[in-house]
Amino acid sequence: MSRRALRRLRGEQRGQEPLGPGALQFDLRDDDDAEEEGPKRELGGRCPGEAGKEGVRVNNRFELINIEDLEDDPVVNRERSGSSLTDAAAPGNKGRAQRGNTDTKADGGVARTAPPEQSNASGKLRKKKKKQKTKKSSTGEALENGLEDIDRILERIEDSSGLNRPGPAPLSSRKHVLYVEHRHLNPDTELKRYFGARAVLGEQRPRQRQRVYPKCTWLTTPKSTWPRYSKPGLSMRLLESKKGLSLFAFEHSEEYQQAQHKFLLAVESMEPNNIVVLLQTSPYHVDSLLQLSDACRFQEDQEMARDLVERALYSMECAFHPLFSLTSGACRLDYRRPENRSFYLALYKQMSFLEKRGCPRTALEYCKLILSLEPDEDPLCMLLLIDHLALRARNYEYLIRLFQEWEAHRNLSQLPNFAFSVPLAYFLLSQQTDLPEHEQSSAREKASLLIQQALTMFPGVLLPLLEYCSMRPDATVSTHRFFGPNAEISQPPALSQLVSLYLGRSHFLWKEPATMSWLEENVHRVLQAVDAGDPAVEACEHRRKVLYQRAPRNIHRHVILSEIKEAVAALPPDVTTQSVMGFDPLPPADTIYSYVRPERLSPISHGNTIALFFRSLLPNYTMEGERPEEGVAGGLNRNQGLNRLMLAVRDMMANFHLNDVEAPHEDDAEGEGEWD
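For clarity, every value in this text was computed on a predicted model and none was experimentally measured.

Each helix and strand counted, the protein chain has 29 helices and three strands in total. Looking at the protein chain as a whole, 42% of its 676 residues are labelled buried. Across the protein chain, contacts joining residues at least 24 apart in sequence account for 69% of those joining residues at least 6 apart. Per element, the accessible surface of the protein chain, about 40,000 Å² overall, is 51% carbon and sulfur.

As structure tokens, then:
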């Protein structure tokens, strides 16, 4: 009887017969191995020593899911199969149930034992592995010995030539003080910590794939609304490298110089629309972007002003030299070069926007970056601001560390902002509950000692500070000769300017009740020392008279950029009478010019006096042979337009012989005076 008839009698269907041992066996092997092992096959498709080859016998086809990389290089497969053999040969090995299951598993519960050929193969594989390990270890040791030999050779060369190894970097360029972290240059990092990633990146994700930009930048993120970037002719070159520091400088191409000359003409015209026209042809001209940003800020368009500053930063970052690093603290830019000043001002304006936006940690990183570009000269005087940003960012440890390392060579305690901010940082650090008790007590003692020294050195700070905080001092303090009104009046003008700058910027940090009670306690201790005749009081008074005779130019520049009304009002007259340009406020007297602005010839003839008169009324009129003021690129004096108008009127009066016009005063010989 046929098999089909037997299945029908039993009521079975085709494909439901029970599977015998070896019914489902798959060989996943290479063709070469299959040809070699062809005559060695046994019943059921199994060949002796097959577990040590690439062939894997599978009784359940779903076991193939856990087998990885079976179709890789044959050498790799041999190593894996050999490892499974060694694991299966070792007693009690855990890997026996995973890879050695094909050798010991059988239907009906009868275990199969591996033939002796497998043990021979495993022994050979072990020997091969040991040889490979010894080779690797020998090569590694050879490399280490080679590196050690190279170091020894270099040491011998240095000793023979007399060159010593470079010592620690100077305090002004130490990495742990001026080191800038890339992730903190992005304000989104700080905003994510405050509001979460979804709130910050929710609107940015759909826009990321709209445009591909040529370069990844750290200072700003390009926007899809910006014009397509093309190199504007701005580049950077390395001037010199010495003592671990690298001096760089921005350079302007001839095309960029032409755009710069057009920009100066637009500034002289006093018309922002002329700058807008220039940006249509040169959309990434840095000075035009910064000047137009100021115009937008004066018109209360903060969003556009910030966008223009970011575009200027993007243009300058795309021009960086490959060796220029923002984070190392060892790259320098000379502020005396006009091409470098744009980068300083763009960073400062971006820092100001970040502080107003509520990102003090990011603003602190920008402040460190500006300070690291020229820490010795500090052209924008960032030391008057870095303490404020560190306190706002609650980075008290950084402020204390900066004070400890720079006090010896920079005398930071002689600045009112550091004299009061450092003890405040110690006090706020002592208020943190996660510190041990002994650290809290030591920080509190250090804070009290430093605030007493600050009050002794700068007594004129107390009463204005209490007035800013809307606090009334008690009668013993307000009527005392040391803290009374005379203390504020008797201090030098330069010191008054520094005090006004600090109080106008950081007074709100002292408004906490705990801070006020701690300040009151130390004020009474200072009064006790003054009444006791402490010699430190007279020494501080003499120091105030000697040190604060006149503020340097970088402090005046910082005050102008800060736009704090109290500090600007305290500027000396020789600064307030100068014309200050937003793209280059108070340029240094020893400016290093790389190219000179070409002279402009006036097309106006002296014959037509009426035309001269009407042209002189235009804001961009310049007389023939007239030069801009020294130190200001293309600047205009405030009274220049009025002087031109008076000269044109005199010229017209002389040509038309207006002798019958009487002046208001008869005794005035030149006919000048007020007209009816």
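According to the stated counting rule, one finds 18 aromatic pairs in the structure shown. Where Tyr 229 meets Tyr 314, the ring centres are 5.5 Å apart and the plane angle is 75°; that geometry is what we call edge-to-face. Pair noted here: Tyr 229 is in the loop between helix H8 (197-201) and strand E1 (234-242) and Tyr 314 is in helix H12 (residues 302-317), with a separation of 85 residues, a long-range link. Both residues of the pair, Tyr 229 and Tyr 314, belong to the buried class. Between Phe 458 and Tyr 548, the ring centres sit 6.2 Å apart and the planes meet at 65°, which makes this aromatic pair edge-to-face. In this pair, Phe 458 sits in the loop between helix H18 (437-457) and helix H19 (462-468) while Tyr 548 sits in the loop between helix H24 (535-547) and helix H25 (553-562), placing the two residues 90 residues apart along the sequence. Classification of Phe 458 as buried rests on a relative accessible area of 1%. Take Tyr 548: its relative accessible area is 8%, and that puts it in the buried class. Among the aromatic residues, those joined into a cluster by ring pairs are Phe 248, Phe 250, Phe 320, Phe 324 and Phe 343. Between the NZ or CZ atom of Arg 311 and the centre of the ring of Tyr 284, over which it lies, the distance is 6.0 Å. Seen from the ring of Tyr 398, Lys 368 lies directly overhead, with NZ or CZ sitting 4.8 Å from the centre.

A few words now on the nonpolar core. Core analysis: the biggest nonpolar cluster contains 127 residues, and Leu 219, Phe 343, Phe 418, Phe 420 and Trp 510 have the highest contact counts within it. Contact partners of Trp 510, with chain neighbours within four places excluded, come to Phe 420, Leu 424, Ile 451, Leu 465, Cys 469, Tyr 502, Thr 515, Met 516, Trp 518 and Leu 519. Trp 226, Tyr 284, Tyr 314 and Cys 318 belong to the second largest nonpolar core, which has five residues in total.

A pair of packed helices is captured by two measures, namely the crossing angle of their axes and the spacing between those axes. Contact pair helix H11 (residues 286-298) / helix H13 (residues 338-357): the axes reach a minimum separation of 10 Å and the direction vectors enclose 35°. Pair H11 / H13 crosses with left-handed handedness. For the pair formed by H11 and H13, the contact residues are Val 286, Asp 287, Leu 290, Ser 293, Asp 294 and Arg 297 on the first element and Ser 342, Leu 345, Ala 346, Lys 349 and Phe 353 on the second. Residues of the contact of H11 with H13, tallied by class, amount to five nonpolar, two polar and four charged.

So, about unusual backbone geometry. Phi at Lys 243 takes a positive value of approximately 55°, unusual for a residue other than glycine. Along the chain, the position of Lys 243 falls in the loop between E1 and strand E2 (245-252). Overall, Lys 243 belongs to the exposed group, its relative accessible area being 84%.

With that out of the way, let us pick up the pattern of salt bridges. A side chain with one charge may pair with a side chain of the opposite charge, provided their charged atoms come close. For the structure shown, the criterion picks out 18 salt bridges. Across the salt bridge formed by Asp 574 and Arg 550, the nearest N and O atoms sit 2.6 Å from each other. Of the two residues, Asp 574 sits in helix H27 (residues 573-576) while Arg 550 sits in the loop between H24 and H25, which places them 24 residues apart along the sequence. Judged by its relative accessible area of 56%, Arg 550 is exposed. Through salt bridges with shared partners, one network takes in Asp 294, Arg 297, Lys 349 and Glu 563.

For the rest of this paragraph, the subject is the sheet that holds E2. Across the sheet, three strands lie side by side as E1-E2-E3; this open sheet has mixed pairing. The sheet is open, and its two edges are formed by E1 and strand E3 (331-333), each paired on a single side. Pairwise comparison of adjacent strand axes, ignoring direction, gives a mean angle of 35° for this sheet. Where E2 meets E3, three bridges bridge the pair, whose relative direction is parallel. Counted as the bridge partner of Leu 247 is Arg 332 from E3.

Below, the discussion takes up the pairing of E2. Bridge count between E1 and E2: eight bridges; the pairing is antiparallel. Residue pairing across strands places Leu 234 opposite His 252, the latter belonging to E2. In sequence, E1 turns back onto E2 through a hairpin of two residues, with Lys 243 there showing a positive phi of about 55°.

What follows concerns the environment of Glu 563. In this structure, Glu 563 sits in the loop between H25 and helix H26 (565-569). Expressed as a C-alpha distance, the spacing of Glu 563 and Leu 501, which sit 62 residues apart in the sequence, is 9.7 Å. Setting aside its immediate chain neighbours within four residues, Glu 563 contacts Arg 297, Phe 298 and Val 568.

Put simply, the protein chain has an average pLDDT of 74, and 61% of its residues get 70 or more. Between residues 65-119, whose pLDDT stays under 50, and residues either more than four places distant or in other chains, the model counts 62 contacts. In the predicted structure, residues 652-676 sits below a pLDDT of 50 and forms 11 contacts with residues beyond four places in sequence or in another chain.

Take the packing of helix H9 (residues 254-268) against helix H10 (residues 272-281) next. Running from amino to carboxyl end, H9 crosses H10 at an angle of 160°, the nearest separation of the two axes being 9 Å. Relative to H10, the element H9 is oriented roughly antiparallel. Handedness of the crossing formed by H9 with H10: right-handed. Two secondary-structure elements touch here, H9 through Ala 259, Lys 262, Phe 263 and Ala 266 and H10 through Asn 274, Ile 275 and Leu 278. Grouping the amino acids of the contact of H9 with H10 by side-chain chemistry returns five nonpolar, one polar and one charged.

With that settled, consider the side chain of His 261. Among the secondary structure elements, His 261 is positioned in helix H9. Judged by its relative accessible area of 12%, His 261 falls in the buried class. Apart from residues lying up to four places away in sequence, His 261 is in contact with Tyr 595, Val 596, Arg 597 and Pro 598.

Conventions adopted
- Residues numbered from 1 in each chain as written.
- Predicted model: local features only at pLDDT ≥ 70, side-chain atom pairs only at ≥ 80, totals over all residues.
- Heavy atoms only, no water.
- Helix = DSSP H or I, 4+ residues; strand = E, 2+ residues; numbered from the N terminus.
- Buried < 20%, exposed > 50% of the residue type's maximum accessible area, 1.4 Å probe, protein only.
- Contact = heavy atoms within 4.5 Å.
- Areas by Shrake-Rupley, 256 points an atom, 1.4 Å probe, with all protein chains shown as cover.
- Phe/Tyr/Trp six-rings, centres within 6.5 Å; stacked < 30°, edge-to-face > 60°.
- Lys NZ or Arg CZ within 6 Å of the ring centre and 35° of its normal.
- Core = buried A, V, L, I, M, F, W, Y, C linked by side-chain atoms within 4.5 Å.
- Axes fitted to C-alpha atoms, helices over the stretch in contact; angles between N-to-C directions.
- Left-handed = near helix turned anticlockwise from the far one by under 90°.
- Nonpolar A, V, L, I, M, F, W, Y, C, P; charged D, E, K, R; others polar.
- Salt bridge = Lys/Arg side-chain N within 4 Å of Asp/Glu carboxyl O.
- Pairing = 2+ DSSP bridges.
- pLDDT = per-residue confidence, 0-100.
- Parallel < 35°, antiparallel > 145°, perpendicular 65-115°, else oblique.

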